[in-house]
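So you can see what is in the structure, the chains are spelled out below.
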Amino acid sequence: MSNKISKTEAEWRAQLTPEQFAICREKGTERAFTGHYHDCHEPGIYRCVCCGKALFDSNTKFDSGSGWPSFWQPVQADNVATAEDRSFFMRRTEVVCADCGAHLGHVFDDGPKPTGLRYCINSASLRLDRTGKVDSPDGA
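What counts, and at which threshold
Here, residues in each chain are numbered from 1, in the same order as that chain's written sequence. Residue-level local features of this predicted model are given only where pLDDT is at least 70; pairs of side-chain atoms are given and counted only at 80 or more, and the full residue set underlies all totals for whole chains, interfaces and linings. To get the side-chain values, take all heavy atoms of the structure and skip hydrogens and water. UniProt positions are given in the numbering used here, feature names are shortened, and annotations may be inferred rather than shown by experiment. When a carboxyl oxygen of Asp or Glu is within 4 Å of a side-chain nitrogen of Lys or Arg, the pair counts as a salt bridge. Note on conventions: DSSP H or I runs of at least 4 residues are helices, E runs of at least 2 residues are strands, and numbering of each starts at the N terminus. Residue burial is assigned from relative accessible area. The probe radius is 1.4 Å, only protein chains are included, and a residue is buried under 20% of its type maximum, exposed over 50%, and partly exposed in between. Across the chain, each position has a pLDDT score giving the predictor's confidence in that residue, from 0 to 100. Strand pairing is defined by DSSP finding a minimum of two bridges between the two strands. Angular values range over 0 to 180 degrees, each being the angle between N-to-C directions of two axes fitted as lines to C-alpha atoms, with helices fitted over their stretch in contact.

If you check an unreviewed UniProt entry, the protein chain appears there as Peptide methionine sulfoxide reductase MsrB from Candidatus Competibacter denitrificans Run_A_D11. Quoted verbatim from the Catalytic activity (unreviewed entry) heading of the UniProt record, the comment on the protein chain is "L-methionyl-[protein] + [thioredoxin]-disulfide + H2O = L-methionyl-(R)-S-oxide-[protein] + [thioredoxin]-dithiol". Its UniProt record, at the heading Sequence similarities (unreviewed entry), says of the protein chain: "Belongs to the MsrB Met sulfoxide reductase family."

In structure tokens form, the structure reads like this:
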């Protein structure tokens, strides 16, 4: 179930680091191989840094060689939303948090089985919840 979250730009700026704000609220991206989670192998649930929504399970994370954390599916399909992205003269599919609309990254159809998808996600848009519980109280 989605709980839509709406905050002012000032509220988001107060909550997030400048890098997190630029990526999540202004649709930026971090440089490849620089994000905190691109080479992380710890178990847990990756949550939205803005609202705590459970997004990806570490069990679906894989090394895509792209330099960003990559997952083959979200925790639940309706925890993320997608939109067409035509920026930079490309056609891509943007991935956003279903609850707060935070820009997470993009999804491509060149991933591994069983889905064939590669959710290429910015580390700055994520927070690893090491409890591994989707409905953890640590999620807020």
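Draft legend 1. Local environment of the pattern of salt bridges. On inspection of all chains with the given rule, the structure shows seven salt bridges. Between K27 and E94 there is a salt bridge, and its shortest N-O distance comes to 3.1 Å. With a gap of 67 residues between them, K27 in the loop between helix 2 (18-24) and strand 1 (45-48) and E94 in strand 6 (residues 92-97) connect regions that are remote in the sequence. One salt bridge in this structure joins E42 and R130, with 2.5 Å as the shortest N-O distance. Of this pair, E42 sits in the loop between helix 2 and strand 1 while R130 sits in the segment after strand 9 (126-129); the two residues are 88 residues apart in sequence, bridging distant segments of the chain. When its relative accessible area of 36% is taken as the criterion, E42 is described as partly exposed. A network of salt bridges, in which partner residues are shared, links E9, R13 and E26.

Draft legend 2. Here's a closer look at the confidence of the model for the protein chain. With 91% of its residues at a pLDDT of at least 70, the protein chain reaches an overall mean of 91. When the elements of the protein chain are averaged for pLDDT, strand 5 (residues 80-85) gives the smallest value, 85, and strand 4 (residues 70-71) the largest, 98.

Draft legend 3. Inspection of the sheet that holds strand 2 (residues 54-57) at higher detail. With antiparallel pairing, the three strands of this open sheet are ordered in space as 2-1-9. Whereas interior strands pair on both sides, the edge strands pair on one side only; in this sheet they are strand 2 and strand 9. Neighbour-to-neighbour, the strand axes of the sheet open up by a mean angle of 35 degrees, direction not taken into account. Where strand 1 and strand 2 come together, three bridges link them in antiparallel fashion. Residue pairing for strand 2: I45 is matched across the bridge by D57.

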